[in-house]
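Chain by chain, the residues run as shown.
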Amino acid sequence: MNRYARDKRESQPKPVERIELNEDKLPQRLILVAVLLVIGIAALAYGLSRATSSDVGWTEIPAATGETNVAGEFILHYNLGQADLGPTAERKAVSVVYSDAVATAWSVFASPDASEEAGNLAFLCVHPNQTVAISEALYTALQTLEDAGSRLIYLAPVYEMYDSLFACAGDNEAVNFDPARNADLAAFCAEAAAYAADSESVNIELLGDCRAQLTLSAEYMDFLRENGVVSILGFGWARNAFIADYIAAELIARGYENGWIESEDGFARYLSGAGAQSVAVLQNGAAAAYVSGSGWTSAVSLCSYPLRGASVLRHYVYADGTPVAGYVDPADGVAKAALPELLAVSKTDECAVLALKTAAAFAADTFRLEALDGVSAVWSEGGGIQTNDEALVIQ
């Protein structure tokens, strides 16, 4: 407490001093007040506009976050301001479609939970030897595999084993899941690959109208049970290529075509209005050069080592630096990478189709250049950049 008493006179109101205004200048004062008010309102409106609007030009449009989508594995690059909508409204509209697409992609292609409503891959897996209705997205992906003559989806038991390898914390644990270092696992992979190649043992029949039947032989079902296999079907390393195509189809169907979709594990799907395009040619994870062009539909980059910052587990690297990639050779069920990196671009093939073609050359003991017939590719070899298409612009 203050030891000194406050002077009570301080609380008394001070005398009011009257100031006479010059009424001759009152109109000028009113005009000045009005001008200042207009300036203030304009400044406030400009500030709100800057806070709530999107600039035109290229930007990254995020999807709504959540545990049940694949948004964290993709980036949508979009050129705002090319449509009749204002950039703010356009950004919001594109984000809504993109968010719905990544959520649906999770439920259809990635969710381990069988859902009749979603008509997803897991639902098809738990209804062998039955005709079931599946989603249009899944039906389209299965049709793509069938048209390409690929039986990649039946290698799921092998992908399951490699997923365990990629989740290992050390080499002592990893050797228990690596067929290249474990003879028993190599025998399992070879047997699983033989079953995967045999349509009498396992096959999906597409019946039209988004109806399909997964057929499993009694012998193959015994093999799955004896080895404790959970995953009967799976897209493995190519999953995000199929998802990129699905997301692109959803955006294009709603008229949003001024952009491109990029996955963190090396797949890019361009919408029809993507404009000038450029893809990095990697060497040891760093951009050694760029391939430039326009009119591409897709680009695929396969690497023997994990890409920096990628959250998708598709690789394991031993303490001695030896990498293991997830690209399984269907001949023997063992993951292989004939080159450190391989980049392919296409003006006609969608991402999944290009990925299947590229893997045919890459997932092998030696590089299969002949498998790239009709595919424009770039790779690093002998310390330099090689290509099978001299028309590509590499800088």
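In this text the structure is predicted, and so the values were computed from the model without any measurement.

Colleague: Mind laying out the overall build of the protein chain, listing which residues take part and the relevant values?
Modeller: For the protein chain, the helix and strand inventory stands at 10 helices and 18 strands. A burial count over the protein chain gives 44% of its 395 residues as buried. Here the protein chain displays about 20900 Å² of accessible surface, and carbon together with sulfur accounts for 52% of that area.

Colleague: With reference to specific residues and values, describe the side chain of T144.
Modeller: Mapped onto the elements of the fold, T144 is located in helix 4 (residues 136-148). Judged by relative accessible area, T144 falls into the buried class, the value being 17%. Beyond its immediate sequence surroundings of up to four residues, T144 is in contact with F242, A352 and V353.

Colleague: I'd like to hear about the sheet that holds strand 1 (residues 57-61), residue by residue, with values.
Modeller: Ordered in space as 1-2-6-7-10-15-16-17, the eight strands form an open sheet in which the pairing is antiparallel. Strands with a single pairing partner mark the edges of an open sheet, and in this sheet they are strand 1 and strand 17 (384-387). In this sheet, neighbouring strand axes are inclined to one another by 15 degrees on average, regardless of whether the strands run parallel or antiparallel. Across four bridges, the pairing between strand 16 (residues 376-381) and strand 17 is antiparallel. What sits directly across from E381, in strand 17, is G384. Here helix 10 (residues 351-362) sits on the sheet and contacts strand 7 (267-270), strand 10 (298-303) and strand 15 (341-346); the angle it forms with strand 10, its principal contact strand, is near 35 degrees.

Colleague: Describe the sheet that holds strand 18 (residues 393-394), and please don't skip the residues or the numbers.
Modeller: Strands sit in the order 8-9-18 across an open sheet of three strands; the sheet is antiparallel. This sheet does not close on itself; its edge strands, each paired only once, are strand 8 (276-283) and strand 18. Both strand 9 (residues 286-294) and strand 18 contribute to a ladder of two bridges, which runs antiparallel. For V291, the partnering residue across the bridge sits in strand 18 and is I394.

Colleague: Which residues make up the environment of F109, and what values do they have?
Modeller: Position of F109 among the secondary structure elements: in helix 2 (residues 87-110). Here the alpha-carbon distance between F109 and V70, two residues 39 residues apart in the chain, equals 9.8 Å. Non-local contacts of F109, meaning those with residues more than four positions away in its chain, are made with L121, A137, A141, F235, R239, F242, I243 and Y246.

Colleague: Requested: an account of unusual backbone geometry, with residues and values cited.
Modeller: Not every positive phi belongs to a glycine, and N129 is a case in point at roughly 60 degrees. Mapped onto the elements of the fold, N129 is located in the loop between helix 3 (121-125) and strand 3 (131-133). Using a relative accessible area of 38% as the deciding quantity, one classes N129 as partly exposed. Of note in this structure, C210 is not a glycine but carries a positive phi near 60 degrees. Tracing the chain through its elements places C210 in the loop between strand 4 (202-208) and strand 5 (211-216).

Colleague: Could you give an account of helix 5 (residues 156-166), naming the residues involved and the relevant values?
Modeller: Most of helix 5 is tucked away: eight of the 11 residues are buried. Listing the buried residues of helix 5 in full gives A156, P157, V158, Y159, M161, Y162, L165 and F166.

Colleague: Run through the packing of helix 9 (residues 239-253) against helix 10, naming residues and quoting values.
Modeller: Two elements in contact, helix 9 and helix 10, have axes separated by 7 Å at closest approach and are oriented at 155 degrees. Viewed along their axes, helix 9 and helix 10 adopt a mutual orientation that is roughly antiparallel. Here A241, F242 and D245 of helix 9 lie close against helix 10, whose contacting residues are C351, A352 and A355.

Colleague: Quick rundown of the packing of aromatic side chains? Include the residues and the values.
Modeller: Applying the stated criterion across every chain, the model contains 15 aromatic pairs. Following the ring pairs from residue to residue traces out a cluster consisting of F109, F235, F242 and Y246. The ring of Y318 carries R181 above its face, with NZ or CZ at 3.6 Å from the centroid.

Colleague: Residues and numbers for the pattern of salt bridges, please.
Modeller: In total, this model carries 11 salt bridges according to the counting rule given. Among the salt bridges present, the one from E350 reaches R269, with a minimum N-O distance of 3.4 Å. One end of the pair, E350, is in the loop between strand 15 and helix 10; the other, R269, is in strand 7, and 81 residues separate them in sequence. We classify E350 as partly exposed; its relative accessible area is 39%. The class for R269 is buried, based on a relative accessible area of 7%. Ionic pairing is found between K336 and D332, a salt bridge with its closest N-O pair at 2.8 Å.

Thresholds applied
Residues numbered from 1 in each chain as written. Predicted model: local features only at pLDDT ≥ 70, side-chain atom pairs only at ≥ 80, totals over all residues. Heavy atoms only, no water. Helix = DSSP H or I, 4+ residues; strand = E, 2+ residues; numbered from the N terminus. Buried < 20%, exposed > 50% of the residue type's maximum accessible area, 1.4 Å probe, protein only. Areas by Shrake-Rupley, 256 points an atom, 1.4 Å probe, with all protein chains shown as cover. Contact = heavy atoms within 4.5 Å. Pairing = 2+ DSSP bridges. Axes fitted to C-alpha atoms, helices over the stretch in contact; angles between N-to-C directions. Parallel < 35°, antiparallel > 145°, perpendicular 65-115°, else oblique. Phe/Tyr/Trp six-rings, centres within 6.5 Å; stacked < 30°, edge-to-face > 60°. Lys NZ or Arg CZ within 6 Å of the ring centre and 35° of its normal. Salt bridge = Lys/Arg side-chain N within 4 Å of Asp/Glu carboxyl O.

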